[in-house]
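# Chains, contacts and geometry: an overview
For reference, the chains in residue letters:
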Amino acid sequence: MKPFSLLIKPTSADCNLRCEYCFYLPRSELYPECTRHRMSNAVLEAMISGYMGTDQPQYAFGWQGGEPLLMGEDFFHKITDLQKVCGRPGAVVANGLQTNTTLVTESLAQHLAKYKFLTGVSLDGWPELHDRFRKAIDGRGSHRMVMAGLEKLRKAGVETNVLCLVSQANVSHPREVYRWFKDQSFLYHQYIPCVEFEEDESLTPHSITGEEWGEFLCEIYDEWRAGDERTVSVRLFDSIMMRYFNGTRTICRMGHDCRHYFVVEHNGDVYPCDFFVDPELRLGNVCENSWEELLASDVYAEFGKRKSKWNARCEKCEVLDLCMGDCLKHRPPRGGDPHALSTLCAGWKRFFLHACDDLKALANEERQRRDTARRAEIASAAVARHISRNAPCPCGSGRKFKQCCMKYAR
């Protein structure tokens, strides 16, 4: 079975904030029969038991919203209890949580720390930037509440990263935003472009242009490259280096096909992507369909194929291997035409041409560093075992030890 992960919306689009640019809030209209959306115990059990009954190298659960912490603390205890019951001996389980942190309690933070929930904090910078679009229901800015929740997570020892939505609020302050996150002790950064379309296919007032995105990324990159390569992780940069390091495409935007995970809504309905939770793309339900059936869905297959139906200009582009036509969501109107050029095309191209030769060199340096460390370990073990200089090298190269790894002996 092809490995896949789950992106779970236990509260659907329900949230205690009203961020002006939220793309998921309109999804509440999918389920008009109720005004309060919460995942039931039956759906939770069916989802976890079914998923952990499949053969996966790692069982990856991503808990998002809306705001998933509206489920309450007991829900997260049920999650880990079920994972322990349903998992086979030796199974590796990874839980990721994306939250605005405003509902974090000290006891919940301790539970997240105990079970190693990697927790992403939705934060757009300092108060003036963050509060422009990330507001509470009463219209107040949410920054103070977010930082209070973050403090509880950190006090409990929860591993956190920051997810920054790049919008008109902060796109003109790339270096300052990056430095501010560093000053707040965030060492893992993820920057997401705000790209939403009006009915006439124009960008919403919150959204950024391709040119703005390219400038933002180049500035962030230059700030990071000035000395943070070994201390700060920027997900995009890491993903590019991994592509150069071993050929792996670690983010779906860089892939040929969009079938990497499933979205599970509060009632168990399954969709191919959280940007495309649409009635016509409903694949089934975890209480009614097996994961084998969902993977074999014709709708899922057709959706996956849309990714590589990029614009003809992409075929001749020197950065296609990294861009791959960009996310379908960025091809107007809201992914409706897979052949459309991404709204961010110019920005991606500028950034890739600016940074990727350098990132390729960094990946090669890391490969050489790891190879040297591996050979040193092999050589030291061989010396300790008194292997002859003329014996075959333990690394398996076929050469004599003295002509291969012996020179790396510590």
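Residues numbered from 1 in each chain as written. Predicted model: local features only at pLDDT ≥ 70, side-chain atom pairs only at ≥ 80, totals over all residues. Heavy atoms only, no water.

Tallied over the full model, the rule gives 24 salt bridges. As a salt-bridge pair, glutamate 223 and arginine 179 come within 2.8 Å of each other at their nearest N and O atoms. Here glutamate 223, found in helix α7 (residues 210–225), pairs with arginine 179, found in helix α6 (residues 174–183); they are 44 residues apart in sequence, far enough to count as distant. For arginine 179, a relative accessible area of 40% puts it in the partly exposed group. In this structure, the salt-bridge partner of lysine 182 is aspartate 228, at a minimum N-O distance of 3.0 Å. Of this pair, lysine 182 sits in helix α6 while aspartate 228 sits in the loop between α7 and β7 (233–234); the two residues are 46 residues apart in sequence, bridging distant segments of the chain. Aspartate 228 gets classed as buried once you look at its relative accessible area, which sits at 9%. (Salt bridge = Lys/Arg side-chain N within 4 Å of Asp/Glu carboxyl O. Helix = DSSP H or I, 4+ residues; strand = E, 2+ residues; numbered from the N terminus. Buried < 20%, exposed > 50% of the residue type's maximum accessible area, 1.4 Å probe, protein only.)

Counting 81 residues, the largest nonpolar core has Leu6, Met47, Trp63, Tyr191, Trp224, Trp291 and Phe351 as its most contacted members. Take this core: its biggest share by element is eight residues, from helix α13 (residues 345–384). What tyrosine 191 contacts, discounting residues up to four positions off in sequence, is Cys164, Val166, Val177, Tyr178, Phe181, Trp213, Phe216, Ile220 and Val234. Counting residues in hydrophobic clusters, the runner-up holds 14 residues, among them Ala13, Val263, Phe276 and Leu281. (Core = buried A, V, L, I, M, F, W, Y, C linked by side-chain atoms within 4.5 Å. Contact = heavy atoms within 4.5 Å.)

With that settled, consider the side chain of serine 122. Within the element layout of this structure, serine 122 appears in strand β4 (residues 118–122). With relative accessibility at 11%, the residue serine 122 sits in the buried group. Looking at serine 122, its side chain comes within polar contact range of the side chain of glutamine 98, at 3.0 Å. Not counting the four nearest positions on each side in its chain, serine 122 is found in contact with Gln98, Thr99, His130, Arg134, Val146 and Leu163. (Polar contact = N/O pair within 3.5 Å; in protein donor to acceptor, adjacent residues only side chain to side chain.)

For helix α2 (residues 73–86), with 14 residues, the first-to-last C-alpha span of 20 Å sits near the 20 Å given by 1.5 Å per residue. Among all positions in α2, only Phe75, Phe76, Ile79, Thr80, Leu82 and Gln83 are buried. Buried residues along α2 cover an arc of 160° about the axis, so they all sit on one side. Exposed residues on α2 whose side chains face more than 90 degrees from its buried face are Asp74, Lys84 and Val85. Where α2 is buried, its residues touch α1 (41–52), β2 (59–63), β3 (93–99) and α3 (106–114). (Expected span 1.5 Å × (residues − 1). Arc of directions from axis to C-beta.)

With respect to the element layout, glutamate 196 can be found in the loop between β6 (188–193) and α7. Within the structure, glutamate 196 has its side chain in polar contact with the side chain of lysine 329 (distance 2.9 Å). Leave out the neighbours within four places in its chain, and glutamate 196 touches Tyr21, Phe23, Ser202, Leu203, Thr204, Ser207 and Lys329.

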